Amino acid sequence: MENIEIKAYAKINLSLDVTGRRDNGYHDVRMVMQSINLYDELTICRVPWNETEGGNDTPDKNGRITIESDTTAVPLNEDNLIYKAAKLIMDECGIKDGVRIVLKKNIPVAAGMAGGSTDAAAVFKGMNSLFELGLEQERLCDMGVKTGADVPYCIMGGTALSEGIGEILTPMRAMPGCIILIAKPDISVSTGYVYTAFDSLKEKMHPDVDAMISAIDMGDIREVSKLLGNSLEGVTQEEYPIIKEIKQIMLGNKALGALMSGSGPTVFGLYDDRAQAEETAKMLRQLSGIKDIFVTEPYNV
Ligand code: ATP
């Protein structure tokens, strides 16, 4: 096999609790994660080491990693999580050939939907197949967490509880079927800033993660919608009131529930009726300040 095409799915957080801060600055979290049917598309091409651009004629040197994309919103050099993932797997598995990775970016960048992490996860999974490495998911996740805390979850996908800094994963029953309306305001939010501001709060909000797990177990979408909660939402919302406005529009237009995902600024609403979600999407498209709007559904592996 010389190349492989792979989809990298975005996620939302149905529940996100920040439970502590470690001395190294990482935060302990308990998060219920859900993949959604919105994805980046990656094509990973294997390039024999002696054909890599620049004439890599030393067999003990790693092959070259090149990234091409239709977007200018992400760096295409070694800062891209795709590059970091490819480099790590090449180093750890002694791969001498190079790779050319073509990224079609559909997931909004810096949105709270794990766009970079899911691309990295796709590289781990894709290169495992392309180079016939036969690595178990657990090994891929061990490598993944070195690239980013959400990467192990993105490798697993579907509905899962994520704990620790994101490396302790428990697969869950798939969330009940529904329609998901996604709206990303035209702003970029720094995850670092949001966590720092959260740390300095006196009164911290903690969603009921266990109740969310039970609601999903029971397949009760109304209860799931009622229990949506995110410790970080208040912080980002304070800085960017548009988040609250979008939520109010969704809730005023028959969303069963609405919440900010991750550290923001994306807001999602859960619906039991696609026409109603489409109608609300139309309404949101007429407002200024919202960049990306999608009507989608959960994606379960
Ligand atoms: P999370 O939900 O995990 O916090 P996010 O959705 O908020 O992630 P990303 O889209 O992953 O944020 O982007 C965060 C930063 O990572 C951006 O500044 C971007 O330039 C950088 N980045 C590096 N590689 C990628 C990639 N492949 N896709 C998107 N962003 C990337």
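Before reading on, note that the structure itself is shown above.
Everything numeric in this text was worked out from a predicted model, so none of it was measured.

Chemist: Which parts of the structure should I look at to understand the packing of helix H1 (residues 81-93) against helix H2 (residues 115-130)?
Modeler: Pairs of packed helices are described in terms of their axes, by the angle between the two and the distance that separates them. For the pair H1 and H2, the least separation of the axes is 8 Å and the interaxial angle reads 30°. The angle between H1 and H2 places the two elements in the roughly parallel class. In this structure, H1 meets H2 at a crossing whose hand is right-handed. Here Leu81, Ile82, Ala85, Ala86, Leu88, Ile89 and Met90 of H1 lie close against H2, whose contacting residues are Gly116, Ser117, Asp119, Ala120, Val123, Phe124, Met127 and Asn128.

Chemist: What is the right way to read the sheet that holds strand S10 (residues 267-271) from this model?
Modeler: Either a parallel or an antiparallel arrangement is found when strands of a sheet pair, and the pairing is made through backbone hydrogen bonds. The strand order across the open sheet formed by four strands is S9-S10-S7-S11, and the pairing between neighbours is antiparallel. The open sheet is flanked by strand S9 (257-260) and strand S11 (290-296), the only strands paired with a single partner. Taken pair by pair, the neighbouring strands of this sheet meet at an average axis angle of 15°, ignoring direction. Sheet analysis places strand S7 (residues 179-185) next to S10, joined by five bridges and oriented antiparallel. Within the sheet, the bridge partner assigned to leucine 181 lies in S10 and is glycine 269. Of the strands in this sheet, S7, S9, S10 and S11 are in contact with helix H9 (residues 242-252), which crosses S10 at around 10°.

Chemist: What exactly am I supposed to notice about the side chain of threonine 147 here?
Modeler: Within the secondary structure, threonine 147 is located in helix H3 (residues 137-147). Dropping the residues within four chain positions of it, threonine 147 is found in contact with Leu81, Lys84, Ala85, Leu88, Ala120 and Phe124.

Chemist: Looking at this structure, I do not really get the site of the ligand. What am I missing?
Modeler: Close to the ligand lie 19 residues; Asn80, Ala110, Gly112, Ala114 and Gly116 are nearest. One of the backbone N or O atoms of alanine 110 is found 2.8 Å from an oxygen atom in the ligand. Aspartate 150 is positioned such that a nitrogen or oxygen atom in its side chain is 3.2 Å from an oxygen atom of the ligand. Alone, the ligand offers 610 Å² of accessible surface; in the complex the protein occludes 78% of this. Ranked by the residues each element gives to the shell around the ligand, the list is headed by H2, at four residues. Tallied by class, residues from the shell around the ligand come to eight nonpolar, six polar and five charged.

Chemist: Looking at this model, I keep getting lost on the environment of methionine 250. Mind explaining?
Modeler: Mapped onto the elements of the fold, methionine 250 is located in helix H9. A relative accessible area of 0% places methionine 250 in the buried class. Linking methionine 250 and lysine 146, residues 104 residues apart in sequence, is a C-alpha distance of 37 Å. Ignoring sequence-local partners within four residues, the contact set of methionine 250 consists of Leu181, Ala183, Ala255, Ala258, Val267, Phe268, Gly269, Tyr271, Thr280 and Leu284.

Chemist: How should the nonpolar core be read in this particular structure?
Modeler: Side chains of a nonpolar character, in soluble globular proteins, are inclined to be buried together. With 67 residues, the main nonpolar core has Leu42, Val99, Phe124, Met127 and Met250 as its most contacted residues. For this core, the leading source of residues is H2, giving seven residues. Of the domains in this structure, domain 1 (3-171) and domain 2 (179-296) are the two that each give at least three residues to this core. Among all residues touching valine 99, those that are not within four sequence positions of it are Ile44, Cys45, Val47, Arg64, Ile65, Thr66, Ala86, Met90, Met127 and Phe131. Within the second largest apolar cluster, 27 residues are counted, among which are Ile12, Leu161, Val224 and Leu228.

Chemist: Quick question: what am I supposed to make of the pattern of salt bridges here?
Modeler: Under the defined criterion, the tally for this structure stands at 16 salt bridges. In this structure, aspartate 40 and lysine 105 form a salt bridge, with 2.6 Å as the shortest nitrogen-oxygen distance. One end of the pair, aspartate 40, is in strand S2 (residues 27-47); the other, lysine 105, is in the loop between strand S4 (98-104) and H2, and 65 residues separate them in sequence. Just as aspartate 40 is buried, lysine 105 falls in that class too. Lysine 146 is the salt-bridge partner of glutamate 92, the closest N and O atoms lying 2.9 Å from each other.

Chemist: What is the right way to look at H3 in this model?
Modeler: Residues of H3 that are buried include every one of Leu140, Cys141, Met143, Gly144 and Thr147, and no others. One face of H3 carries all of its buried residues, which in axial projection span an arc of 165°. Those residues of H3 that are exposed and aimed more than 90 degrees away from the buried face are Glu138 and Lys146. In this structure, the buried residues of H3 make contact with H1, H2 and helix H4 (151-156).

Conventions adopted
- Residues numbered from 1 in each chain as written.
- Predicted model: local features only at pLDDT ≥ 70, side-chain atom pairs only at ≥ 80, totals over all residues.
- Heavy atoms only, no water.
- Axes fitted to C-alpha atoms, helices over the stretch in contact; angles between N-to-C directions.
- Helix = DSSP H or I, 4+ residues; strand = E, 2+ residues; numbered from the N terminus.
- Parallel < 35°, antiparallel > 145°, perpendicular 65-115°, else oblique.
- Left-handed = near helix turned anticlockwise from the far one by under 90°.
- Contact = heavy atoms within 4.5 Å.
- Pairing = 2+ DSSP bridges.
- Near = heavy atom within 4 Å.
- Polar contact = N/O pair within 3.5 Å; in protein donor to acceptor, adjacent residues only side chain to side chain.
- Areas by Shrake-Rupley, 256 points an atom, 1.4 Å probe, with all protein chains shown as cover.
- Nonpolar A, V, L, I, M, F, W, Y, C, P; charged D, E, K, R; others polar.
- Buried < 20%, exposed > 50% of the residue type's maximum accessible area, 1.4 Å probe, protein only.
- Core = buried A, V, L, I, M, F, W, Y, C linked by side-chain atoms within 4.5 Å.
- Domains from an automatic or database assignment.
- Salt bridge = Lys/Arg side-chain N within 4 Å of Asp/Glu carboxyl O.
- Arc of directions from axis to C-beta.

Everything listed here is a matter of coordinates, which is why it stays silent on function.
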